[in-house]
Structure formats: C-alpha cells, structure tokens
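# Geometric and topological summary
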Amino acid sequence: MFQLKKPVRNLIGAGILLALTAALIAAARLLPEFWFSFYPGVSRAAVRGLGIAFGWIPFPVWEAAAAALILGVIVWLVYACKKRRFFGWLTGVIEVLALLIFLFVSLWGLNYFGPALKDQIGLEVRAYTETELRQAAQFYARQASEASKTVARDENGDIVLPPFPELAETAAESYVNLGRLLPRFDHPVNRAKPLLVSKAFAYMGTTGVFVCLTGEPTVSTDCFPLAQPFTVCHELGHSLAVAAEDEANYCAYLACTASDDPLFRYSGCYEAFIHCFNALHEVNPSAAQKLWELCSDELIHDCNVNITHNQQYEGKVQEAAQAVNDGYLKAFDQPEGVRSYGLVADYLIAAYLAQQEAPSGS
C-alpha cells in the first residue's frame with residue numbers, strides 16, 4: 001500500500017492548517033456583522049476558561065511551555081542531524097508553527113478584524129485640530145498633576161509599589177468598577193502574572209504580554225513602577241477581546257481611572273498625559289514644552305525617573321524586538337505597526353471633548 005513520507009505529510013498538514021486560518025480571516029473580513037455577533041463572546045469565554053484552568057499555577061505557563069518547546073526543537077534538530085533527517089525536522093517545525101498560528105487566530109486573533117472599540121462604547125473619534133489636541137493635553141496634565149499628590153512615595157519622592165499580587169487584584173477590581181459604567185467591560189477577567197524573565201523583556205522594550213493560548217495576562221516587573229498598574233490593565237483589556245494596541249491602552253486608562261486605588265488612578269492619568277504630550281510634541285514642540293508649566297513637581301519628577309529608567313534598556317536588542325512587533329501588528333490589520341500605540345491620543349481627545357460637551361451634572 002502506498003504511503004506518503006513523513007515530510008510530505010507534515011507539509012500537507014501545515015498547508016491544511018494555514019488554509020483553514022486563511023479561511024477564518026476571509027470569513028471575518030467578508031461577513032463582519034455575522035462573525036462578530038458571536039466571536040468576541042466566544043473568544044472571551046475561551047480565554048477566561050483557559051485562565052481559570054492555569055490560574056492556580058503561580059508563574060506564567062506560557063513562558064515555561066515556550067522554553068520547553070524551544071528546547072525540544074533544539075534536541076529534535078540534533079537528533080535529526082545525526083539521523084540525516086533534517087528535512088523531516090524542518091517540515092515538522094513548519095507544521096507545529098502552522099498549528100500555533102491556527103489556534104491563535106481561531107481563539108483570539110480574529111478580534112483584530114472586529115468592530116472598533118469606539119463603536120462599541122459610543123465614542124466619537126475623528127480628526128482633531130491642534131487646538132483641540134493642546135486643550136486635551138492641558139486637561140490631562142492638570143489631571144495627572146492632581147493625582148500625583150495622592151500616592152505613597154519614599155524618602156526620595158519615588159512611587160512605592162505594593163506587591164504584584166495586590167496589583168493584580170486591584171486591576172481586576174478596577175474592571176469590575178468599569179463594567180458598572182460601561183456594559184462592554186462587564187465581564188470577569190483573569191488575574192495577571194509577573195513575567196519570569198522580566199528583565200529580558202525590558203531589554204526588548206516589552207512591558208507586558210497577553211497569551212491567549214493559556215489565557216494569561218503577564219507583566220514585566222522591570223518596567224517603570226508607575227507604569228505597572230496601567231500595563232496590567234492594558235493586558236487585561238486584551239483578555240476582553242480588545243486586540244488593537246491603542247484600544248487596549250484606552251481600556252487601561254478607563255479601568256485605571258475607574259479604580260478606587262489612588263495609584264491606579266494616577267497611573268492612568270500619567271499615561272494619558274504622556275500620550276497626549278507626545279502627540280502634541282510631534283506637531284508643536286514649543287506648545288508641548290509649555291505644558292510643563294502646568295505640571296506638579298511630583299509629576300515632573302516621575303517623568304524624569306521614567307526617562308532614566310527606560311534609557312538603561314535601550315539598544316540593538318530593543319530595536320530588533322520592536323521590528324518584529326511592528327511586523328506582527330501590520331500582519332493583523334494594524335497598518336501603523338508599533339505607531340498604533342500612540343493612536344490612543346485620538347481616543348483620549350475624544351473622551352476629553354465628550355466630557356466638555358456633557359451637560360452639567362451628568
């Protein structure tokens with residue numbers, strides 16, 4: 001009886017998986033109203049279930065699994081070379097990668113092609129004038145300055161962080177508060193975990209990672225301390241079927257400012273100020289510079305500490321990692337690539353203008 005050789009079977013299997021992946025993406029693009037009437041809910045439920053299943057393990061399961069997979073591939077390669085079966089190894093790796101891509105896209109990745117968050121929460125986002133940008137930046141500068149005076153600091157004036165488990169718990173509670181304000185977020189979230197190799201991710205310029213295959217929001221404990229509450233909320237936003245980076249940033253701002261914890265509120269206000277300041281600096285550096293006149297001493301101190309903290313991790317490794325991330329975002333309908341992290345300014349300006357237009361007392 002005729003039997004296909006294993007390398008050929010591997011390639012056929014990979015081809016089928018990639019074809020199914022392409023079919024799912026095509027269906028999401030061609031039939032968005034039908035597809036996204038149920039997919040986000042299914043995705044949230046699946047991610048929630050996986051997070052519960054792996055939540056009892058204190059470290060990120062995906063990190064351990066990734067390390068084991070890499071080690072297994074290397075051992076497999078050595079064995080294949082000894083047996084002169086390199087092509088079989090190569091096609092096997094291709095099939096495994098095709099399987100992981102299929103699982104990622106089917107479980108969560110299609111959210112990249114879904115309705116924009118602004119349409120889900122009724123936020124009007126449009127093009128803005130420089131004046132509107134400047135006014136919003138001034139608003140967030142004042143908001144951050146007020147919040148900067150409410151948090152615990154050490155003798156050097158630096159932010160004092162609680163233990164990570166406490167941060168994770170507060171972030172989950174913040175989303176409970178947000179869910180009461182916006183039904184879109186009225187869903188339970190998994191507890192975030194600290195990355196095992198946080199410093200390595202810091203050198204790659206990555207403060208957090210959400211892995212849908214295990215339902216784990218994970219955060220680097222080596223990122224700037226004030227950014228950690230915001231980053232935890234950002235990764236939790238991803239777990240609620242929010243894929244785009246700018247939208248996850250806006251989710252983080254909403255969750256932080258809905259929090260009962262002063263540190264979370266300041267973290268959200270601080271990041272909003274930074275995003276709007278950077279956007280204004282691109283179009284009018286002198287106007288951005290004048291914002292410092294509105295900033296409290298505590299806010300200016302934190303900005304300087306942030307700059308110093310980030311400088312220690314800059315280098316070729318971060319540039320290479322950002323290039324990879326840029327390619328990933330563009331592959332999933334994020335044409336601005338890593339610049340999409342800055343587009344949250346559009347959401348923040350829209351939120352500021354909506355607040356200004358709201359009737360008094362509403």
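What counts and how
- Residues numbered from 1 in each chain as written.
- Predicted model: local features only at pLDDT ≥ 70, side-chain atom pairs only at ≥ 80, totals over all residues.
- Heavy atoms only, no water.
- Helix = DSSP H or I, 4+ residues; strand = E, 2+ residues; numbered from the N terminus.
- Buried < 20%, exposed > 50% of the residue type's maximum accessible area, 1.4 Å probe, protein only.
- Contact = heavy atoms within 4.5 Å.
- Areas by Shrake-Rupley, 256 points an atom, 1.4 Å probe, with all protein chains shown as cover.
- Pairing = 2+ DSSP bridges.
- pLDDT = per-residue confidence, 0-100.
- 1 Å grid on protein atoms, 1.4 Å probe; cavity = no way out; pocket = protein on both sides within 12 Å on 5 of 7 lines; lining within 4 Å.
- Points joined across faces, edges and corners; volume = space filled by probe spheres on them.
- Nonpolar A, V, L, I, M, F, W, Y, C, P; charged D, E, K, R; others polar.
- Axes fitted to C-alpha atoms, helices over the stretch in contact; angles between N-to-C directions.
- Parallel < 35°, antiparallel > 145°, perpendicular 65-115°, else oblique.
- Expected span 1.5 Å × (residues − 1).

We now examine the overall build of the protein chain. Helix and strand content of the protein chain: 16 helices and three strands. In the protein chain, which comprises 362 residues, the share counted as buried stands at 46%. If you take every contact in the protein chain between residues at least 6 apart in sequence, the share linking residues at least 24 apart comes to 76%. Accessible area of the protein chain: about 18,300 Å², with a carbon and sulfur share of 62%.

It is worth spelling out the sheet that holds strand 3 (residues 216–219) at this point. Note: strands within a sheet are paired through backbone hydrogen bonds, in either parallel or antiparallel orientation. In spatial order, the strands read 1-3-2; together these three strands make up an open sheet with mixed pairing. Looking along the sheet, the strands with just one partner apiece sit at the ends: strand 1 (193–194) and strand 2 (208–211). As judged from the two bridges shared by strand 1 and strand 3, these two strands associate in the parallel manner. Each bridged residue has a counterpart across the sheet, and for K193 the counterpart in strand 3 is T218.

Another point: the confidence of the model for the protein chain. Of all residues in the protein chain, 89% attain a pLDDT of 70 or more, and the chain-wide mean is 88. Here residues 316–325 is a poorly scored stretch, pLDDT under 50, and it has 13 contacts once near neighbours within four places are set aside; other chains count. With pLDDT under 50 throughout, residues 337–342 is counted as low confidence; its partners more than four residues away or in other chains account for 18 contacts.

Another point: the layout of surface pockets. Each pocket or cavity is described by its volume, and for the second largest pocket that value is around 380 Å³. Lining of the second largest pocket is provided by 17 residues; of these, L182, Y250, Y253, L254 and A351 occupy positions nearest its centre. The set of elements that each furnish at least two residues to the lining of the second largest pocket consists of helix 7 (130–148), helix 8 (164–181), helix 11 (245–257) and helix 16 (344–357). Tallying contributions element by element places helix 11 first for the lining of the second largest pocket, with four residues. Broken down by class, the residue content of the lining of the second largest pocket amounts to 13 nonpolar, four polar and no charged.

Of the two faces of strand 2, the one holding G208 and F210 and the one holding V209 and V211 are both buried throughout. Taken together, the four bridges between strand 2 and strand 3 define a ladder with antiparallel strand orientation. Looking at strand 3, one finds that F210 is bridged to P217. Here strand 2 folds back onto strand 3, and the loop between the two strands holds four residues, one of which, G215, carries a positive phi near 65 degrees.

This brings us to the packing of helix 12 (residues 262–283) against helix 14 (residues 297–311). Viewed as axis vectors pointing N to C, helix 12 and helix 14 meet at an angle of 75 degrees, and their least axial separation amounts to 12 Å. In terms of axis orientation, helix 12 runs roughly perpendicular to helix 14. When helix 12 is examined against helix 14, the residues Y266, Y270, F273 and I274 are found in contact with a partner set consisting of E298, L299, D302, C303 and N306. In the contact of helix 12 with helix 14, the residues fall into six nonpolar, one polar and two charged.

With that settled, consider helix 7. In this model, helix 7 (19 residues) spans 26 Å end to end at C-alpha, consistent with the 27 Å of a helix rising 1.5 Å per residue. All of the buried residues along helix 7 are E132, L133, A136, A137, F139, Y140, A141, A144, S145, A147 and S148. Among the structural elements, helix 11, helix 12, helix 14 and helix 16 are those in contact with the buried residues of helix 7.

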